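Each chain, letter by letter, is given below.
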Amino acid sequence: MTPPTFPTITLGGQEYAVVPRAEYEALRNAVDEDAMDAAIIQRVLEDPDQELLPFELVKRIAGGEHPVRVWRDYRGTRAAELAAAAGIAASYLSDIENRKKPGSVRAMKRIADALNVTVDDLI
């Protein structure tokens, strides 16, 4: 497939391609997204203690599954075990994982500690 050709103009000795506004915006947005991705990757690479989730688990979180459940599954912990380790009721953990309750700051901190992650990883 041959890439499209665009008319050019010359200003001040420089040649410029003239592209439709929609294509320009699409290119600009793609560059912005690439820059954001690069910044995220750089931050991760700079933190050797950062634990990374496998892509399949990231997809589960991005798909709407609660991070507590994803991390619990990743750690191989049953819900009742996590609730006991965090000192919260199993029903409360279930409500958090099913997004029926947001989870108090205190509960989320206890869950994070039990999963050996940061609260940021869970919210």
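Below, the structure is looked at part by part. (Residues numbered from 1 in each chain as written. Predicted model: local features only at pLDDT ≥ 70, side-chain atom pairs only at ≥ 80, totals over all residues. Heavy atoms only, no water.)

## Considerations on a negative patch on the surface
Piece 1. A cluster of acidic residues, Asp 32, Glu 33, Asp 34 and Asp 37, forms a negative patch at the surface.
Piece 2. Along the chain, Glu 33 turns up in helix H1 (residues 21-46). (Patch = residues over 30% accessible without salt bridge, like charges linked within 9 Å, V, L, I, M, F, W, Y side chains within 5 Å. Areas by Shrake-Rupley, 256 points an atom, 1.4 Å probe, with all protein chains shown as cover. Salt bridge = Lys/Arg side-chain N within 4 Å of Asp/Glu carboxyl O. Lys, Arg positive; Asp, Glu negative; His and termini not counted. Charge placed at Lys NZ, Arg CZ, Asp CG, Glu CD. Helix = DSSP H or I, 4+ residues; strand = E, 2+ residues; numbered from the N terminus.)

## A few points about helix H3 (residues 67-75)
Piece 1. Along H3, the residues classified as buried are Pro 67, Val 68, Val 70, Trp 71 and Arg 72.
Piece 2. Of the surrounding secondary structure, the elements contacted by the buried residues of H3 are helix H2 (55-62), helix H4 (79-86), helix H5 (90-97), helix H6 (105-115) and helix H7 (119-122).
Piece 3. Directly after H3, the chain includes Gly 76, whose backbone phi takes a positive value near 70°. (Buried < 20%, exposed > 50% of the residue type's maximum accessible area, 1.4 Å probe, protein only. Contact = heavy atoms within 4.5 Å.)

## Some thoughts on H6
One turn of the α-helix equals 3.6 residues, which is why residues spaced by three or four share an orientation.
Piece 1. Turning to H6, its buried residues are Ala 107, Met 108, Ile 111, Ala 112 and Leu 115. For H6, the arc enclosing every buried residue in end-on projection is 135°, short of the 170-degree limit, so these residues lie on one face. Opposite its buried face, H6 presents the exposed residues Val 105 and Arg 106, each directed more than 90 degrees away.
Piece 2. Of the surrounding secondary structure, the elements contacted by the buried residues of H6 are H3, H4, H5 and H7.
Piece 3. Trailing H6 by a residue or two, Asn 116 shows a phi angle of about 60°, which is positive. (Arc of directions from axis to C-beta.)

Nothing here speaks to function; it is geometry throughout.
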